[in-house]
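This is what each chain is made of:
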Amino acid sequence: MEGVRPGGGPPGGGPGSGSGSGSGSFPSLFPPGLHGIYGECRRLYPDQPNPLQVTAILKYWLGGPDPLDYVSMYRNLGNPALNVPEHWHYVSFGLSDLYGDNRVHEFTGTDGPSGFGFELTFRLKRETGESAPPTWPAELMQGLARYVFQSENTFCSGDHVSWHSPLDNSESRIQHMLLTEDPQMQPVQTPFGVVTFLQIVGVCTEELHAAQQWNGQGILELLRTVPVAGGPWLITDMRRGETIFEIDPHLQERVDKGIETDGSNLSGVSAKCAWDDLSRPPEDDEDSRSICIGTQPRRLSGKDTEQIRETLRRGLEINSKPVLPPINAQRQNGLNLDRAPSRKDSLESESSAAIIPHELIRTRQLESVHLKFNQESGALIPLCLRGRLLHGRHFTYKSITGDTAITFVSTGVEGAFATEEHPYAAHGPWLQILLTEEFVERMLEDLEDLNSPEEFKLPKEYSWPEKKLKVSILPDAVFDNPLH
């Protein structure tokens, strides 16, 4: 990507803005999906028709590596009355469907992909004496866009992104992100559908963990109450050296109360994980379900993959409700239309129900299992147990190094193939483990040291022989080279 200041007219000025010579010819050349986005930017920044932009040299739809067409950067003077400092406002273009399905067809003779219906924004505090915005946020947004395009997983308000590195590659404590609706940019209608704007909010590790243990929206609301940590417009200050809990210790009490009352709305994570069926000898290719069989990992069926994806996607929407309805084919806005609400969660989904499972894959009941996690994933097990299962919900680990998944379910989860009679069950490489409330409480006691992972050395093993369950916390290298 490179920084440019285009000539008069769009992209900065918007179609037909009249800025610069020849602007009247732009509307016919401009992709129709861009008009609404330009109009929303011009509404907020009428005095900046030609902002600095960072653009991809080779467009993604022509083979380039960067999905975003460009990122525009506006200077916002802030609002002293609201404790809103001056800041840079970054707006991405390219995640939504701006061109329609004929975008690539016009150039290469093939149909182009549809968009994802949202654009990313980011508000960065302007440093004293800074006359031009830094361009690293554009690279950050490109990284998120690449994830969306490659995984086809969309972002939702309240989502979190574990980045594990200062967002600007400095020594900052701001090393992770939360996502929320942009507080100023309103959804816009385009010929290809509605485009919403999701704002990236930089947070510290402690704030990320609080969002995981409770929920992203709750932490975002706390950030809004602390001017130096975001304020009403959730402005990221990369020089912030204190967490909101250090600035106001009472905020930790609000988080603890929220966790106890609401649990966590984090329904799953991508993780380094694996599992073994200890009921069968590991050399039994037909029934073994370790991370790899021979040299090739077993594949999740199409139905399983879609069901896991849909479950994770729907997790925030469904579990933000005080009373959790089951998901079924007759639903609207996350609400069950034909059943009385209950605290039962569900693994069923409308989209997965339409997919016929592979006829050769059958559900198997297992006698004994061995679960394997890296340290970061293992540290989330207490969250899974306390914040999810004790609230009648489920939690899924989806492997990023092999095509396998582990889902923990409580006795109230509908649609699970693990049952109280057969608590360990597998569908291909997807393992489900049903844990009773009594056993969850015991596991939380035994796994207490996972809350302080820096205090123990790897590998670490936990075992419950009478339950025929073993959990190992292993170094990352085990998952990076599973055949080692």
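Below you will find a few notes about this structure.

Reading guide: rules and limits
- Residues numbered from 1 in each chain as written.
- Predicted model: local features only at pLDDT ≥ 70, side-chain atom pairs only at ≥ 80, totals over all residues.
- Heavy atoms only, no water.
- Pairing = 2+ DSSP bridges.
- Helix = DSSP H or I, 4+ residues; strand = E, 2+ residues; numbered from the N terminus.
- Axes fitted to C-alpha atoms, helices over the stretch in contact; angles between N-to-C directions.
- Core = buried A, V, L, I, M, F, W, Y, C linked by side-chain atoms within 4.5 Å.
- Buried < 20%, exposed > 50% of the residue type's maximum accessible area, 1.4 Å probe, protein only.
- Contact = heavy atoms within 4.5 Å.
- Phe/Tyr/Trp six-rings, centres within 6.5 Å; stacked < 30°, edge-to-face > 60°.
- Lys NZ or Arg CZ within 6 Å of the ring centre and 35° of its normal.
- Polar contact = N/O pair within 3.5 Å; in protein donor to acceptor, adjacent residues only side chain to side chain.
- Parallel < 35°, antiparallel > 145°, perpendicular 65-115°, else oblique.
- Nonpolar A, V, L, I, M, F, W, Y, C, P; charged D, E, K, R; others polar.

### Here we look at the sheet that holds strand E17 (residues 405-409)
Okay, so step 1: In spatial order, the strands read E10-E16-E17-E19-E18-E14; together these six strands make up an open sheet with mixed pairing. The open sheet has two free edges, formed respectively by strand E10 (268-271) and strand E14 (363-365), since each of these has just one partner strand. Strand-to-strand twist of the sheet, defined as the mean angle between neighbouring strand axes without regard to direction, takes the value 20°.
Okay, so step 2: One ladder, built from five bridges, connects E17 with strand E19 (residues 430-434); its direction is parallel. By the bridge assignment for E19, Thr407 is matched with Gln432.

### Digging into the nonpolar core
When a protein is soluble and globular, its nonpolar side chains tend to lie buried together.
Okay, so step 1: Among the nonpolar cores identified, the biggest contains 36 residues, and Leu371, Phe373, Leu385, Tyr397 and Phe408 are the most heavily contacted of them.
Okay, so step 2: Leave out the neighbours within four places in its chain, and Leu371 touches Ala274, Trp275, Ile406, Phe408, Leu431, Ile433, Leu469, Lys470, Val471 and Ser472.
Okay, so step 3: The next biggest cluster of nonpolar side chains, apart from the first, holds 30 residues, and it includes Leu52, Leu68, Phe122 and Ile174.

### So, the sheet that holds strand E15 (residues 369-374)
Okay, so step 1: Across the sheet, which stays open at both edges, the four strands sit in the order E11-E15-E21-E20 with mixed pairing between neighbours. Each having just a single partner strand, strand E11 (273-277) and strand E20 (460-464) make up the two edges of the open sheet. Mean inter-strand twist for the sheet, computed between neighbouring axes without regard to direction, equals 15°.
Okay, so step 2: As paired strands, E11 and E15 are joined by five bridges and run antiparallel to one another. Looking across to E15, one finds that Ala274 is bridged to Lys372.
Okay, so step 3: The sheet strands contacting helix H13 (residues 437-446) are E20 and strand E21 (469-474), and the helix crosses E20 at an angle near 150°.

### Section: the packing of aromatic side chains
Okay, so step 1: In the structure shown here, the tally under the stated rule is 13 aromatic pairs.
Okay, so step 2: A ring pair is formed by Phe439 and Trp464, whose centres lie 5.9 Å apart and whose planes are at 90°; its orientation type is edge-to-face. Taken together, the positions of Phe439 in helix H13 and Trp464 in strand E20 put the pair 25 residues apart, joining distant regions of the chain. An identical accessibility class is assigned to Phe439 and Trp464; each is buried.
Okay, so step 3: Here a set of aromatic residues connected by ring pairs shows up, and it is made of Phe373, Phe395, Tyr397 and Phe408.
Okay, so step 4: When the ring centre of Phe439 is taken as reference, the NZ or CZ atom of Lys467 above it lies at 5.2 Å.

### So, the side chain of Gln199
Okay, so step 1: Counting through the fold element by element, Gln199 comes out in strand E9 (residues 193-203).
Okay, so step 2: There is a polar contact of 2.8 Å between the side chain of Gln199 and the backbone oxygen of Leu234.
Okay, so step 3: Apart from residues lying up to four places away in sequence, Gln199 is in contact with Thr121, Phe122, Arg123, Leu178, Leu179, Thr180, Glu181, Asp182, Pro183, Trp233 and Leu234.

### With respect to the packing of helix H5 (residues 205-213) against helix H6 (residues 216-224)
Okay, so step 1: Running from N to C, H5 and H6 cross one another at 135°; their axes reach a closest spacing of 7 Å. Put simply, H5 runs oblique to H6. Contacts between H5 and H6 involve Glu207, Ala210 and Ala211 on the former and, on the latter, Gly216, Ile219 and Leu223.
Okay, so step 2: Grouping the constituent residues of the contact of H5 with H6 by class yields four nonpolar, one polar and one charged.

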